Amino acid sequence: MLGIFNKGLVQPPQELNSPASLNSSLKPKLPQEILNDFISLSSNACSISFGDAMSLAYVPPEKPFSIHQRLFCGIDEIYCVFLGSLNNLCSLIRQYGLSKGTNEAMFVIEAYRTLRDRGPYPADQVLKDMDGSFGFVIYDNKAKTVFAALGANEDIRLFWGIAADGSVVISDNLDVIKASCAKSFAPFPTGSMFHSTHGLMSFEHPRMKMKALPRIDSEGVMCGANFKVDVQSKIHSMPRVGSEANWAPWGSHS
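Residues numbered from 1 in each chain as written. Predicted model: local features only at pLDDT ≥ 70, side-chain atom pairs only at ≥ 80, totals over all residues. Heavy atoms only, no water.

**Student:** Help me out: how do you make sense of the nonpolar core in this one?
**Tutor:** It is characteristic of soluble globular proteins that their nonpolar side chains tend to be buried jointly. In terms of nonpolar packing, the biggest core is built from 30 residues, with Phe82, Phe107, Leu127, Met130 and Phe136 touching the most fellow members. Contributing elements (two or more residues each) for this core: β4 (69-75), β5 (78-86), α2 (89-96), α3 (104-117), α4 (123-128), β6 (132-140) and β7 (145-150). If you tally residues by element for this core, the top one is α3, at seven residues. The contacts of phenylalanine 82, once residues within four sequence positions are left out, are Gln69, Arg70, Leu71, Glu104, Ala105, Val108, Met130, Phe134, Gly135 and Phe136. Grouped together as the second largest cluster of nonpolar side chains are 28 residues, Leu9, Leu16, Leu56 and Ala225 included. (Core = buried A, V, L, I, M, F, W, Y, C linked by side-chain atoms within 4.5 Å. Buried < 20%, exposed > 50% of the residue type's maximum accessible area, 1.4 Å probe, protein only. Helix = DSSP H or I, 4+ residues; strand = E, 2+ residues; numbered from the N terminus. Contact = heavy atoms within 4.5 Å.)

This is how it looks when you write it as structure tokens:
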């Protein structure tokens with residue numbers, strides 16, 4: 001999968017951008033070139049774009065019944081690419097009052113929409129309730145927000161980086177990220193979530209801050225940063241900030 005989000009839409013952690021990309025023989029690419037290269041990898045690839053703001057692209061799995069699914073769907077201008085599977089999908093469907101035919105991508109959209117509109121639970125709790133291996137990226141075209149998360153068990157991997165124009169690139173394909181972002185990329189941290197308005201946080205440890213650790217590649221060059229939970233830190237209060245952000249994880253703890 002591939003997600004590309006304009007820098008006016010998403011402000012990633014500054015540490016993700018490596019100055020070494022400027023001097024690297026491999027230069028970061030522009031979003032359209034990244035998208036075209038990804039689509040060329042498979043005749044089955046499909047994509048959706050909203051002008052220069054964002055693009056999502058997806059290649060269906062070769063084995064349709066693989067436990068590591070790739071799912072794509074859109075509901076009411078909310079679009080989701082989901083990787084993996086949830087062991088407790090049936091109980092989550094009952095909990096949210098959804099139809100039996102709901103798949104993981106559809107569930108994630110409905111859970112996101114419930115959190116966005118009504119905010120009955122903190123988002124970190126919703127993610128902790130998801131039992132399985134998962135990674136997903138959501139784009140909400142109405143709210144113009146991006147929400148991404150990666151499960152804690154490391155069965156699914158995501159990577160993110162910075163394109164030539166400052167756009168954020170997210171993919172499960174490391175080769176795509178390396179070719180697109182030069183030295184400005186890193187693994188997306190497990191057990192974490194990223195919201196385009198509120199930034200990066202751990203849903204496993206929502207009361208602790210994330211810290212950036214320099215990441216050095218095999219050539220001895222700094223490449224972005226790894227983000228880990230800072231066990232010495234604590235977030236004491238996170239007040240809500242407007243009805244549109246009522247669902248946001250950063251506004252649910254005291």
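**Student:** Looking at this model, I keep getting lost on unusual backbone geometry. Mind explaining?
**Tutor:** Backbone geometry places glutamate 77, a non-glycine residue, at a positive phi of 65°. Residue position: glutamate 77 is located in the loop between β4 and β5. A relative accessible area of 36% means that glutamate 77 is categorised as partly exposed. Even without glycine at this site, alanine 182 takes up a positive phi of about 55°. For alanine 182, the position within the fold is in the loop between α5 (174-181) and β10 (185-187).

**Student:** Where do I start with α3 in this structure?
**Tutor:** Residues three or four positions apart in an α-helix share a direction because the helix packs 3.6 residues into each turn. An ideal rise of 1.5 Å per residue puts 20 Å on 14 residues; α3 measures up with 20 Å between its terminal C-alpha atoms. Among the 14 residues that make up α3, twelve are buried, leaving the element largely enclosed by the rest of the structure. Of the positions making up α3, those classed as buried are Glu104, Ala105, Phe107, Val108, Ile109, Glu110, Ala111, Tyr112, Arg113, Thr114, Leu115 and Arg116. Contacts from the buried residues of α3 go to β4, β5, α2, α4, β6 and β7. Just downstream of α3 lies glycine 119, where phi reads positive at about 55°. (Expected span 1.5 Å × (residues − 1).)

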